[in-house]
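# Residue-level structure breakdown
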Amino acid sequence: MSVAVGYVATQEGRAALSAAIREAALRRTDLQILGPVPGQGSKDAEADIRNAIADAAGVPAFLREGDGDEAADLMIDASYEEDVELVVIGVRRRSPVGKLFLGSTAQRVILEAGCPVTAVKADVGPRT
C-alpha cells in the first residue's frame, strides 16, 4: 500500500509533503511523490523533494514524475491504482469568502479521487 502526494513548490506543497511523510510512517507504507508538474513549480522543487525523501527516514519514498499532466490529473490517476490508499493535497488558507472554494485542483481531486483524500492547510503570508 502507498500514500501519494502531489508536489508543487509552494507552501501548500511543502505542508502536504510533510503530512504525507507522517501518514506513510503511521501506516508503515511507502510514499509516492507525484510531480513536480512542469510550469507549476520552481527549480527548488527537485531540492525540496530530495530533502523530503531524506527526511522520510524509515519510509520508502520515491518520485513519480508526470508526463506534462496537470497536478489534479496525476493525483486522480494515482488514486485509482490498487496500491494507493490515501492521497494528500495541500490547500491555502483563504479569506472567509474564499473558504467557500478550495481551488480547482483541490476540488477536482476531492470530488474525483478513487480513494480517501486528506487536505492539509498551509498558512500563506500574514493573516489579518
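The following refers to the structure shown. (Residues numbered from 1 in each chain as written. Predicted model: local features only at pLDDT ≥ 70, side-chain atom pairs only at ≥ 80, totals over all residues. Heavy atoms only, no water.)

## Overview of the pairing of strand β4 (residues 84-92)
Put simply, the rule reads: Being paired, for any two strands, means DSSP has found at least two bridges between them. Each helix is a run of DSSP H or I of at least 4 residues and each strand a run of E of at least 2, with the numbering of both proceeding from the N terminus.
Summarising the sheet, strand β1 (residues 2-6) and β4 pair through four bridges and their orientation is parallel. Paired with Val-3 across the bridge in β4 is Leu-86.

## What to know about the sheet that holds strand β2 (residues 30-34)
Counted only if it meets this: Each axis is a line fitted through C-alpha atoms, taken for helices only over the stretch in contact, and angles between the N-to-C directions span 0 to 180 degrees. Throughout, a contact is declared for two residues whenever any of their heavy atoms are within 4.5 Å.
The strand order across the open sheet built from five strands is β3-β2-β1-β4-β5, with neighbouring strands paired in parallel fashion. Of all strands in the sheet, those bounded by a partner on one side alone are β3 (61-64) and β5 (117-122). The sheet shows a mean angle of 25° between the axes of neighbouring strands, taken without regard to direction. Two strands pair when backbone bridges link them, and β2 and β3 are joined in this way by four bridges, in the parallel orientation. For Ile-33, the partnering residue across the bridge sits in β3 and is Leu-63. Contacting β1, β2, β4 and β5, helix α1 (residues 11-27) runs over the sheet at an angle of about 150° to β4.

## Concerning unusual backbone geometry
The backbone of Arg-28 sits at a positive phi, close to 55°, despite the residue not being glycine. Assignment of secondary structure puts Arg-28 in the loop between α1 and β2.

## Concerning the environment of Ile-53
The following threshold applies: Think of it in three bands: residues with accessible area under 20% of the maximum for their type are buried, residues over 50% are exposed, and the middle band is partly exposed, with areas taken using a 1.4 Å probe on protein chains only.
With respect to the secondary-structure elements, Ile-53 resides in helix α2 (residues 44-55). Exposure remark for Ile-53: the relative accessible area of 30% places this residue in the partly exposed category. Separated by 10 residues in sequence, Ile-53 and Leu-63 place their C-alpha atoms 8.7 Å apart. Not counting residues up to four positions away in its chain, the partners in contact with Ile-53 are Ile-33, Ala-61, Phe-62 and Leu-63.

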